[in-house]
Structure formats: structure tokens, C-alpha cells
Amino acid sequence: MSKVCQLFSGSSGNSIYIGGGSGGILVDIGVSAKRCSCALSRIGVAPESIKAVFVTHEHYDHIAGVRVFASRYKIPVFAAPAVLEELRFTGTANNTVKSYEINKVLDFNGIIAETFENSHDSSACVGYKFTMPDGRKISVCTDTGYITDDAKITLAGTDLIFLESNHEISMLENGPYPYHLKKRILSAKGHLSNFAAGEFAKELLQGGTTRFVLSHLSRENNVPEIARQTAVNALSEIGAKENVDYRLCVSKPENDGGLIVL
């Protein structure tokens, strides 16, 4: 039985818990180690039971608590080569942290971790697909300006996905952000819009995905109800009905809803 939970989501910090029979892992820790530990405890997971941290990229809202958490609980940190080099250069992965490269596929403690390329303005950025000991496939696809071919190939057949639905394009275009920031977010190395998330959700559903967790929503340029409805509308275009053909939820900045059990 696999369990997942988005502990934190958005530009103020990101972290996802994924657990199975062989123990749990975290994808990113973009808040303090103390806040992450408290969030785990609230969902009934002992922080010391975490076996590893997998990092998507080196932006602060994804790595803020990595060094302290990994050092405190003596757990390894995995990242793509270019990301790991940046973590070591900045001291996030220093001599108190056991850090290792993950290139494409890694068998860790009974969990098969597979990376795929995302398109983001960082040294590198990867998403992950985890095949759990019970056979469930759980994926994380956030911080990307568009869905890459590598992502499409790797994510086919995933059971549950944390999928970026960062902004509503019209809200961003007419919002308070300066032009250069709007341009960055809308670029091919920025963030995925509600519309783009909905379009990819259709492909995923047709490939067997039945659980969607919309993630990394902007507080300034999005509204959870709009993100949700955009995805529901997109999926209805292929005749899919919510709670019949799929389940969908929207991550809050900080989790208060417990675990999703697959």
C-alpha cells in the first residue's frame, strides 16, 4: 500500500512525501527542516523514518531545508549531476550530507526512481517517477515551462501524478508582476499554466493515470477553483467524469488534509 502527501506547495516552499512498505522518501524540502518534520508528524510519519531526499533542482523553494534535515536524520540526498554540483558548490550538500548523483534509473530500498528532463531556468531540473514495492507508480512533474518529450515518455502509465498548474495566463498577464518576471514564467523555461496542465492531463488519463494532484499554484496568479475547473473541463472533453474515471485535488500551500492512499 502506497501513501503520498504534498506537505508544502508553491513559491513559499515545496515538499512531497511518498511512502510504501519499504519506508518513505521526500521529494524536495523547500521549507525549514523543523517545519518539514512537524508536517510529517502531523500526518503520522516519523521524520526519522525517511530514507532519502530526492531533489528536483536547486531553487531555494525546493532545497531550503535539505542540508539540515539530511544531516539531522543521516539520510542520503539524490540529485541530477548538474544539480548536485550546484548543491555542493553552495554548501547545501556539504560534508555532513551524503549526496549522490542520479542519472536515469535508481533502485533505492525497493523503490525504483526514474528521472525525466523538465525545462526550467535552473542548472538542470528533473521530475521523478517512482515505482513502489506494491507496483504503484507515483510521479512528480513540476517547475517546467512545457511538457518535454522525455516527460511524456516516462510518465505514460503513472497511477498518480503531482502536476504543476502554476498560473492562469490572463491573471498573470494582467497582474502586478513586473514584465521581466511575467516573461520568465510564460517562457519555455518557466512554469506550466492551468491550460497546459489540463491538456497534458488528457494524455495522461488516456494512458492510465487516474489520480491528479495539481501542484505549485501561484498565490498571485492563480485561484485553486480556476485550476481545478480548467483540469475538469479539459478531461470532460474526452468524456471523462470526475470521481468515476479519475480523482483530482489541488494542493494547498501547506497540507491540512492528510495522506492519499493508493
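Everything numeric in this text was worked out from a predicted model, so none of it was measured.

Parameters at a glance
- Residues numbered from 1 in each chain as written.
- Predicted model: local features only at pLDDT ≥ 70, side-chain atom pairs only at ≥ 80, totals over all residues.
- Heavy atoms only, no water.
- Pairing = 2+ DSSP bridges.
- Helix = DSSP H or I, 4+ residues; strand = E, 2+ residues; numbered from the N terminus.
- Contact = heavy atoms within 4.5 Å.
- Axes fitted to C-alpha atoms, helices over the stretch in contact; angles between N-to-C directions.
- Salt bridge = Lys/Arg side-chain N within 4 Å of Asp/Glu carboxyl O.
- Buried < 20%, exposed > 50% of the residue type's maximum accessible area, 1.4 Å probe, protein only.
- Phe/Tyr/Trp six-rings, centres within 6.5 Å; stacked < 30°, edge-to-face > 60°.
- Expected span 1.5 Å × (residues − 1).
- Polar contact = N/O pair within 3.5 Å; in protein donor to acceptor, adjacent residues only side chain to side chain.

S.K.: Looking at this structure, how should I read the sheet that holds strand E6 (residues 99-101)?
M.R.: The strands making up a sheet are joined through hydrogen bonds of the backbone, oriented either antiparallel or parallel. If you trace the seven strands from one edge of the open sheet to the other, you get E6-E5-E4-E3-E2-E1-E14, paired in mixed fashion. Two strands lie at the open edges of the sheet, namely E6 and strand E14 (260-261), each paired on one side alone. Sheet analysis places strand E1 (residues 3-8) next to strand E2 (residues 15-20), joined by five bridges and oriented antiparallel. Bridged to Val4 within E2 is Ile18. Relative to E6, helix H4 (residues 81-90) is tilted by about 155°, and along the sheet it contacts strand E5 (77-79) and E6.

S.K.: Looking at this structure, how should I read the pattern of salt bridges?
M.R.: Pairing is possible between side chains of opposite charge, provided their charged atoms come close. For the structure shown, the criterion picks out nine salt bridges. A salt bridge links Glu254 to Arg35, with the nearest nitrogen and oxygen atoms 3.1 Å apart. A residue pair is termed long-range when its members are at least 10 positions apart, and Glu254 in the loop between strand E13 (247-250) and E14 and Arg35 in helix H1 (residues 33-42) qualify at 219 residues. Exposure remark for Glu254: the relative accessible area of 33% places this residue in the partly exposed category. Between Lys252 and Asp256 there is a salt bridge, and its shortest N-O distance comes to 3.2 Å. One network of salt bridges, in which partners are shared, links Arg35, Arg42 and Glu254.

S.K.: What's the story with the packing of aromatic side chains in this structure? I'm lost.
M.R.: Enumeration according to the criterion identifies nine aromatic pairs in this entry. Each ring, one from Tyr128 and one from Phe130, has its centre 5.5 Å from the other, and the planes form 20°; the classification is stacked. Neither Tyr128 nor Phe130 differs from the other in exposure class; each is buried. Measuring from ring centre to ring centre gives 6.2 Å for Phe212 and Tyr246, while their planes differ by 80°; the resulting arrangement is edge-to-face. Here Phe212 is found in strand E12 (residues 211-215), whereas its partner Tyr246 is found in the loop between helix H9 (224-236) and E13, with 34 residues between them in sequence. Take Phe212 and Tyr246: they sit in the same class, and that class is buried. A network of ring pairs unites the aromatic residues Phe54, Phe78, Tyr100, Phe108, Tyr128 and Phe130 as a single cluster.

S.K.: Looking at this model, I keep getting lost on helix H8 (residues 194-206). Mind explaining?
M.R.: Structural remark: α-helix, 3.6 residues per turn; residues separated by three or four positions point the same way. Over its 13 residues, H8 extends 19 Å from the first C-alpha to the last, a length consistent with the 18 Å expected when each residue adds 1.5 Å. Buried residues belonging to H8 abut helix H5 (149-155), strand E11 (160-164), E12 and H9. Of the residues trailing H8, Gly208 is marked for its positive phi of about 115°.

S.K.: How should the side chain of Thr158 be read in this particular structure?
M.R.: Mapped onto the elements, Thr158 comes out in the loop between H5 and E11. At 2.8 Å, the side chain of Thr158 forms a polar contact with the side chain of Ser139. Contact partners of Thr158, with chain neighbours within four places excluded, come to Lys137, Ile138, Ser139, Leu204, Gly208 and Thr209.

S.K.: How should the sheet that holds E13 be read in this particular structure?
M.R.: Overall, mixed pairing links the seven strands, which are arranged E7-E8-E9-E10-E11-E12-E13 in an open sheet. Edge positions in the open sheet fall to strand E7 (105-108) and E13, since each of these has one partner strand only. For this sheet, the mean angle separating the axes of adjacent strands, direction not counted, is 15°. As judged from the four bridges shared by strand E10 (residues 137-141) and E11, these two strands associate in the parallel manner. Counterpart to Val140 in the pairing with E11 is Phe162. Relative to the sheet, H8 contacts E11 and E12, its axis offset from that of E11 by approximately 165°. Strands E12 and E13 of the sheet are contacted by H9, whose axis makes an angle of about 160° with E13.

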